[in-house]
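As a plain string of letters, each chain reads:
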Amino acid sequence: MAPDTPPRERVVLAQRRGARVVHTRRQVAEQSGVGENLVRGLVRAQLGLALRLGLAVVLIFAAIPILGATVHPFADATVFGLPLNWLVLGVAPYPILYITGRLYVRLADQAEKDFIRLTDDRSGEPR
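Residues numbered from 1 in each chain as written. Predicted model: local features only at pLDDT ≥ 70, side-chain atom pairs only at ≥ 80, totals over all residues. Heavy atoms only, no water.

### Concerning the overall build of the protein
So, step 1. If you tally the helices and strands in the protein, you get five helices and two strands.
So, step 2. Written out in order from the N terminus, the α and β elements of the protein read α-α-α-β-β-α-α.
So, step 3. Within the protein, counting contacts between residues at least 6 apart in sequence, those at least 24 apart form 65% of the total.
So, step 4. Roughly 10,700 Å² of accessible area belongs to the protein as shown, and the carbon and sulfur atoms make up 63% of that amount. (Helix = DSSP H or I, 4+ residues; strand = E, 2+ residues; numbered from the N terminus. Contact = heavy atoms within 4.5 Å. Areas by Shrake-Rupley, 256 points an atom, 1.4 Å probe, with all protein chains shown as cover.)

In structure tokens form, the structure reads like this:
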């Protein structure tokens, strides 16, 4: 390349032909094959989330009686005249269930927002 010639520039006068536009929101509304698979994926993600959080709660609740049966200082301890393991079984489930419920709602909303972002036809347009 000669030192006095400018570098080459690529000029595009038109968009590429044959590029098809995917209208995913319409496919979801019409329940086409693609839309059905997208909705099935959302439901599967939310079901998996619910099963994982449910399993975690079951494991925590199963660990409390096992802890009371195997660790004798825990089983013999009392607080205000009440056995500690009964106090834990009577009080601990409520905050655990509340926190798990809040976590599920937050993560399910995030999955729905991701789904809407995925199916948005105006992906290139500013909102």
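Let's pick the thread back up.
### What about the side chain of Asn85?
So, step 1. With respect to the helices and strands, Asn85 occurs in helix α4 (residues 84–91).
So, step 2. On the accessibility criterion, Asn85 (17% relative accessible area) is buried.
So, step 3. Sequence-distant contacts of Asn85, defined by excluding residues within four places in its chain, comprise Phe74 and Ala75. (Buried < 20%, exposed > 50% of the residue type's maximum accessible area, 1.4 Å probe, protein only.)

### Re the pattern of salt bridges
So, step 1. Taken as a whole and judged by the stated rule, the model has two salt bridges.
So, step 2. One salt bridge connects Arg40 with Glu36, and the closest N-O pair in it is separated by 2.7 Å. Highlighted residues: Arg40 and Glu36, both in helix α2 (residues 33–70), separated by four residues, approximately one helical turn.
So, step 3. The partly exposed category is assigned to Glu36, whose relative accessible area is 40%.
So, step 4. One salt bridge in this structure joins Asp114 and Arg117, with 2.9 Å as the shortest N-O distance. Highlighted residues: Asp114 and Arg117, both in helix α5 (residues 93–119), separated by three residues, approximately one helical turn.
So, step 5. Residue classification places Asp114 among the partly exposed positions, given a relative accessible area of 35%. (Salt bridge = Lys/Arg side-chain N within 4 Å of Asp/Glu carboxyl O.)

### Digging into the environment of Leu67
So, step 1. Checked against the element boundaries, Leu67 lands in helix α2.
So, step 2. The class of Leu67 is partly exposed, set by a relative accessible area of 39%.
So, step 3. For Leu67 and Asn85, which are 18 residues apart along the polypeptide, the C-alpha to C-alpha distance reads 8.6 Å.

### Quick word on α5
Since the α-helix packs 3.6 residues into each turn, any two residues three or four apart lie on the same face.
So, step 1. Taking 1.5 Å per residue, 27 residues should reach 39 Å; α5 reaches 38 Å between its end C-alpha atoms and fits that length.
So, step 2. Along α5, the residues classified as buried are Pro93, Thr100, Ala108, Phe115 and Thr119. (Expected span 1.5 Å × (residues − 1).)

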